[in-house]
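Structure at a glance
Okay, here's what each chain looks like letter by letter:
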Amino acid sequence: MHILCPHCHNPIEVVKLTPREEIACPSCGSSFHLDTGATTSPGNGAGQKIGKFTLIETLGQGAFGTV
């Protein structure tokens, strides 16, 4: 699986992902954790209300949240 570094956006190949594992970017040297227990995933959330808005569909999910 490939992920993008949230700091420099270079791809990082992850072979085995364990919950809350620290991932270090070989390009910029930063480290971060992935939230593997996210409650939202693509396809979920249709009909969910956020404030006065209702979600119609989920377009995608990335390092900074769901669109």
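Reading the values: the criteria
Along each chain, the written sequence defines residue order, and numbers are assigned to residues from 1. Given that the model is predicted, a residue must reach a pLDDT of at least 70 before its local features are reported, and side-chain atom pairs must reach 80 or more before they are shown or counted; all residues, however, enter totals for whole chains, interfaces and linings. The side-chain numbers reported here are obtained from all heavy atoms of the structure, hydrogens and water having been left aside. Throughout, nonpolar core names a set of buried Ala, Val, Leu, Ile, Met, Phe, Trp, Tyr and Cys residues whose side chains join them through atoms within 4.5 Å. Remark: exposure states derive from per-residue accessible area (1.4 Å probe, protein chains only) relative to the maximum for the residue type, with buried under 20%, exposed over 50%, and partly exposed in between. A contact between two residues is defined here by any heavy atoms of the two lying within 4.5 Å. Going along the chain from the N terminus, every DSSP run of H or I of four or more residues is numbered as a helix, and every run of E of two or more is numbered as a strand. pLDDT expresses, on a scale from 0 to 100, how confident the predictor is about each individual residue.

For the rest of this paragraph, the subject is the nonpolar core. Judged by nonpolar contacts, Ile3, Cys5, Ile12, Val14, Ile23, Cys25 and Phe32 together constitute the single largest core of 7 residues. Residues within four places of Val14 in sequence aside, it is in contact with Met1, Ile3 and Ile23.

It is worth spelling out unusual backbone geometry at this point. If you check the backbone angles, His9 has positive phi at about 65 degrees while not being a glycine. Within the fold, His9 resides in the loop between strand E1 (2-4) and strand E2 (11-13).

Our focus in this paragraph is the side chain of Ser30. As for its placement among the helices and strands, Ser30 is situated in the loop between strand E3 (22-24) and strand E4 (31-33). Taking relative accessible area as the criterion, Ser30 reaches 17% and is therefore assigned buried. Other than its neighbours up to four places away in sequence, Ser30 contacts Cys5, His7, Ile23, Ala24 and Cys25.

Position of Leu4 among the secondary structure elements: in strand E1. Between the C-alpha atoms of Leu4 and Ala63, which are 59 residues apart in sequence, the distance is 8.1 Å. The contact partners of Leu4, leaving out residues within four places of it in the chain, are His9, Asn10 and Pro11.

Looking now at the confidence of the model for the chain. Considering every residue of the chain, the mean pLDDT works out to 75; 79% of them sit at 70 or more. Averaged pLDDT values for the elements of the chain fall to 72 in strand E8 (residues 65-66) and rise to 87 in E2. This model gives residues 38-43 a pLDDT under 50, and the stretch forms 8 contacts once residues within four places in sequence are excluded.

Looking now at the environment of Ile23. Along the chain, Ile23 falls in strand E3. Among the residues examined, Ile23 registers a relative accessible area of 8% and is labelled buried. In this structure the C-alpha to C-alpha distance between Ile23 and His33, which are 10 residues apart in sequence, comes to 6.1 Å. Apart from residues lying up to four places away in sequence, Ile23 is in contact with Ile3, Ile12, Val14, Leu17, Ser30, Ser31, Phe32 and Leu34.

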